[in-house]
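Summary of the model geometry
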Amino acid sequence: MSEEIVFNAKGTRDEIYREVLPQIEAVVADSNDEIANFANVAAVLKQVFGFFWVGFYRVTEPRVLTVGPYQGDLACVRIPFDQGVCGAAARGRETIIVPDVDKFPGHIACSSLSRSEIVVPFVKNGETRFVLDVDSDKLDDFGSADRLYLERVVAVVGNAIRER
């Protein structure tokens, strides 16, 4: 296993994702432990892109997300499926990009410094199992490259997890 991620910091976001994704795949291939993989992937994404907040929320009881490993400021501990961007993505079982969190109805402000957000759910057998939540302190910071590659990252992580 590599304990160092190598990437060209001057590349476009798309180029950086293409460089980093195989390295994430290699890290995850060494472990089918959910917590270890969440922790490592959150650390990689935070290190490589410098996002304000990167973390995972797990479904730990029906229609409730509970914070898992993350990198960044203090997090909300529990998020019901009917609240916030994470809840909406979990409920709708699809990626949500929010260019301005202040304009998202029901946004949960774990930090007032968060300005935009992308949330990617992992869905298996028709049920959301976890979400990857990435916040930026910049408005409109996420686009199609983030959606494409973060969905791939979530699939890699989710497919490596042992059934609970």
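Our next topic: the overall build of the protein. Secondary structure summary: the protein contains four helices and six strands in total. Scanning the protein from its N terminus toward the C terminus, one meets helices and strands in the order α-α-β-β-β-α-β-β-β-α. Relative to the compact-globule value of 15 Å for 164 residues, the protein shows a C-alpha radius of gyration of 15 Å, a close match. Projected onto its principal axes, the C-alpha coordinates of the protein cover approximately 40 × 35 × 25 Å. Here the contacts in the protein between residues at least 6 apart in sequence split such that 50% fall between residues at least 24 apart.

Before going further, it helps to spend a moment on the packing of helix 2 (residues 34-49) against helix 4 (residues 144-160). Close contact between helix 2 and helix 4 brings their axes to 10 Å; oriented N to C, the two are set at 160°. The angle between the axes of helix 2 and helix 4 places the two elements in the roughly antiparallel class. Seen along the crossing, helix 2 lies across helix 4 with a hand that is right-handed. Counted together, N37, F38, V41 and L45 of helix 2 and L150, V153, V157 and A160 of helix 4 form the full contact between these two elements.

Turning to the sheet that holds strand 6 (residues 127-136), a few remarks are in order. Here we have six strands laid out as an open sheet, ordered 3-2-1-6-5-4, and antiparallel in their pairing. A single partner strand is all that each edge strand has here, and the edge strands are strand 3 (78-80) and strand 4 (96-98). Sheet twist, expressed as the average angle between the axes of neighbouring strands with direction ignored, equals 25°. Strand direction decides the pairing type here: strand 5 (residues 116-124) and strand 6, joined by nine bridges, are antiparallel. Across the sheet, P121 pairs through a bridge with V131, a residue of strand 6. Of the strands in this sheet, strand 1 (53-61), strand 2 (64-71) and strand 6 are in contact with helix 2, which crosses strand 1 at around 155°. Docked against the sheet, helix 3 (residues 84-92) engages strand 1, strand 2, strand 3, strand 4, strand 5 and strand 6, running at close to 30° with respect to strand 5.

When a strand is regular, its side chains alternate between the sheet's two faces. Of all eight residues in strand 2, six are buried, a share of seventy percent or more. Relative to strand 2, strand 1 runs antiparallel, the two sharing six bridges. Bridge pairing links Y57 to V67 in strand 2. The hairpin turn running from strand 1 into strand 2, its antiparallel successor, is two residues long, and R63 in that turn takes a positive phi close to 60°. Taken together, the three bridges between strand 2 and strand 3 define a ladder with antiparallel strand orientation. Looking at strand 3, one finds that V64 is bridged to P80. Hairpin geometry of strand 2 and strand 3 is characterised by an intervening segment of six residues between the two adjacent antiparallel strands and by a positive phi of about 140° at G72.

Our next topic: the pattern of salt bridges. Tallied over the full model, the rule gives six salt bridges. The partner of R13 in a salt bridge is D141, with the nearest N and O atoms 3.1 Å apart. Placement of R13 in helix 1 (residues 13-29) and of D141 in the loop between strand 6 and helix 4 is noted, with a sequence separation of 128 residues between them. Judged by its relative accessible area of 17%, D141 falls in the buried class.

Before going further, it helps to examine the side chain of S114. Checked against the element boundaries, S114 lands in the loop between strand 4 and strand 5. S114 gets classed as buried once you look at its relative accessible area, which sits at 4%. Polar contacts involving the side chain of S114 include one to the side chain of D135, which spans 2.9 Å. In this structure S114 touches F52, V101, D135 and S136, once residues within four positions along its chain are discounted.

Reading the values: the criteria
- Residues numbered from 1 in each chain as written.
- Predicted model: local features only at pLDDT ≥ 70, side-chain atom pairs only at ≥ 80, totals over all residues.
- Heavy atoms only, no water.
- Helix = DSSP H or I, 4+ residues; strand = E, 2+ residues; numbered from the N terminus.
- Rg over C-alpha atoms; globule rule 2.2 N^0.38 Å.
- Contact = heavy atoms within 4.5 Å.
- Axes fitted to C-alpha atoms, helices over the stretch in contact; angles between N-to-C directions.
- Parallel < 35°, antiparallel > 145°, perpendicular 65-115°, else oblique.
- Left-handed = near helix turned anticlockwise from the far one by under 90°.
- Pairing = 2+ DSSP bridges.
- Buried < 20%, exposed > 50% of the residue type's maximum accessible area, 1.4 Å probe, protein only.
- Salt bridge = Lys/Arg side-chain N within 4 Å of Asp/Glu carboxyl O.
- Polar contact = N/O pair within 3.5 Å; in protein donor to acceptor, adjacent residues only side chain to side chain.

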